[in-house]
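# Survey of secondary and tertiary structure
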Amino acid sequence: MRKLTRRTFVMGSAALLAAPAVRTEAQSAWPSKSIRIIVPYPPGGQTDGIARAFGDFLARQVGKPVIVENKGGAGGVIGVTEAKRADPDGTTILCTISSSLIQNRVTVKDLPYDPEKDFTYLTMVSGAGGPVVAAKKTGAANLQEFIAYAKKVGSLNWGSYGVGSTPHVLIETIAKQYGIKVQVIQYRGEAPMWNDVAGQTLDGAAGSYAAAAPVIQAGTGNLIGVVGTRLPPYPDAPTMTEQGAVGDFYDLRAFTTFAVPSGTPRDIVDRLTPLLIQAGTDPKVQQMLNNFILSSPTDFETTNRIFKRDSEVMLRILHDLGVKPSE
């Protein structure tokens with residue numbers, strides 16, 4: 001009776017059988033070839049390091065090579081666009097930062113991708129807090145002393161690594177609240193910006209902990225505040241909010257996310273996402289996250305909730321500040 005019932009079910013329920021059969025085939029076939037992770041920035045940076053650490057873990061789990069391809073240029077536009085155009089078969093993964101998905105919508109004219117529609121976001125890691133640093137020459141040890149210095153000299157020379165980037169929005173927000181004048185100098189990346197803070201060409205800058213740490217440790221720049229939560233290596237350094245700075249901007253965290261092109265089958269998404277999250281338990285990945293002071297990977301629902309919230313807040317802030325696309 002059991003054999004007859006099963007046979008009758010299979011023969012009489014072809015439509016119901018079709019969906020499980022497709023799902024099983026996709027699961028057994030993925031990945032059928034090597035996986036590539038596209039990083040829209042040059043090798044050696046934080047995003048590249050995250051991609052390589054997670055990629056190494058993923059390769060060990062799926063038994064296929066995972067190749068990191070650096071497609072830098074145009075503030076992340078080149079790499080993100082290539083990822084968008086890839087076949088949605090789960091073998092092309094985008095690893096990029098929040099600015100390429102949020103700020104670029106305001107700062108890039110005719111953006112060739114739609115971050116809301118062109119990708120499925122799997123997981124993300126975010127920083128504990130971003131350091132705000134004043135050059136040693138300012139003599140400032142906190143936000144109020146930095147504001148006093150700005151009013152004394154008349155105008156600040158402030159470093160940034162892109163229109164609409166975190167340091168740009170930060171100083172514009174501060175200038176608006178405290179009524180100070182600022183000359184924002186845009187750099188192609190964090191490294192040259194921090195070199196000029198150390199050389200006292202700039203009055204200050206903000207950015208990632210990993211890039212700012214050498215300046216702070218050398219004493220050529222003073223940690224005057226933190227965007228977000230306090231930094232574990234400097235627990236006594238207060239956040240900007242604790243020092244009186246106001247605005248939704250200070251609640252945001254720069255994040256790095258893994259995504260696949262829209263249209264990637266849900267069963268592949270459901271297999272790939274847990275693997276990337278599981279990478280956070282790997283000792284090598286944990287060491288990398290600790291070095292950069294990054295959070296553990298978030299789950300699918302949390303990832304998409306943060307992406308939606310941060311997008312709404314940052315886009316509103318950029319609009320209020322009057323940020324326009326670069327010509």
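Residues numbered from 1 in each chain as written. Predicted model: local features only at pLDDT ≥ 70, side-chain atom pairs only at ≥ 80, totals over all residues. Heavy atoms only, no water.

## Quick look at the overall build of the chain
- Secondary structure assignment for the chain yields 13 helices and 10 strands.
- With the principal axes as the frame, the chain shows a C-alpha extent of 90 × 40 × 30 Å.
- Long-range pairs, those at least 24 residues apart, make up 78% of the contacts in the chain between residues at least 6 apart in sequence.
- With the model as given, the accessible surface of the chain reaches about 15500 Å², and the carbon-plus-sulfur share is 54%.
- A gap of 4 Å separates the mean positions of the 33 positive and 29 negative side-chain charges of the chain. (Helix = DSSP H or I, 4+ residues; strand = E, 2+ residues; numbered from the N terminus. Contact = heavy atoms within 4.5 Å. Areas by Shrake-Rupley, 256 points an atom, 1.4 Å probe, with all protein chains shown as cover. Lys, Arg positive; Asp, Glu negative; His and termini not counted. Charge placed at Lys NZ, Arg CZ, Asp CG, Glu CD.)

## Regarding the environment of F54
- Positionally, F54 belongs in helix α3 (residues 46-62).
- Contact partners of F54, with chain neighbours within four places excluded, come to V125, F258, L276, A279, V285, M288, L289 and P297.

## Things to note about the packing of α3 against helix α11 (residues 266-278)
- Two elements in contact, α3 and α11, have axes whose closest approach is 9 Å; the angle formed by their N-to-C orientations is 125°. Judged by the inter-axis angle, α3 sits oblique to α11. In terms of crossing hand, the pair formed by α3 and α11 is right-handed. Judged by residue contacts, F54, F57, L58, Q61 and V62 of α3 engage L272, L275, L276 and Q278 from α11.
- Class assignment of the residues belonging to the contact of α3 with α11 gives a composition of 7 nonpolar, 2 polar and no charged. (Axes fitted to C-alpha atoms, helices over the stretch in contact; angles between N-to-C directions. Parallel < 35°, antiparallel > 145°, perpendicular 65-115°, else oblique. Left-handed = near helix turned anticlockwise from the far one by under 90°. Nonpolar A, V, L, I, M, F, W, Y, C, P; charged D, E, K, R; others polar.)

## Re the sheet that holds strand β4 (residues 119-126)
- Strand order in the open sheet made by the 5 strands is β2-β1-β3-β10-β4, with mixed pairing throughout. Two strands lie at the open edges of the sheet, namely β2 (66-70) and β4, each paired on one side alone. For this sheet, the mean angle separating the axes of adjacent strands, direction not counted, is 25°.
- Two strands pair when backbone bridges link them, and strand β1 (residues 35-39) and strand β3 (residues 92-97) are joined in this way by 3 bridges, in the parallel orientation. Bridge pairing in β3 places R36 opposite T92.
- Of the strands in this sheet, β3, β4 and β10 (255-261) are in contact with α11, which crosses β4 at around 10°. (Pairing = 2+ DSSP bridges.)

## A closer look at the packing of aromatic side chains
- All told, the structure shown has 6 aromatic pairs when counted by the stated rule.
- For the ring pair F119 and Y121, a centre distance of 6.4 Å and an interplane angle of 50° mean the geometry is tilted. Both residues of the pair, F119 and Y121, belong to the buried class.
- Each member of the aromatic cluster is reached from another via a ring pair, and the members are F119, Y121 and F307.
- We note R266 situated over the ring of F300; from NZ or CZ to the ring centre the distance is 4.9 Å. (Phe/Tyr/Trp six-rings, centres within 6.5 Å; stacked < 30°, edge-to-face > 60°. Buried < 20%, exposed > 50% of the residue type's maximum accessible area, 1.4 Å probe, protein only. Lys NZ or Arg CZ within 6 Å of the ring centre and 35° of its normal.)

## Concerning the environment of G45
- Examined against the element boundaries, G45 turns out to sit in the loop between β1 and α3.
- Spatially, the C-alpha atom of G45 lies 11 Å from that of S208, the residues being 163 residues apart in sequence.

Distances and angles like these do not, on their own, reveal function.
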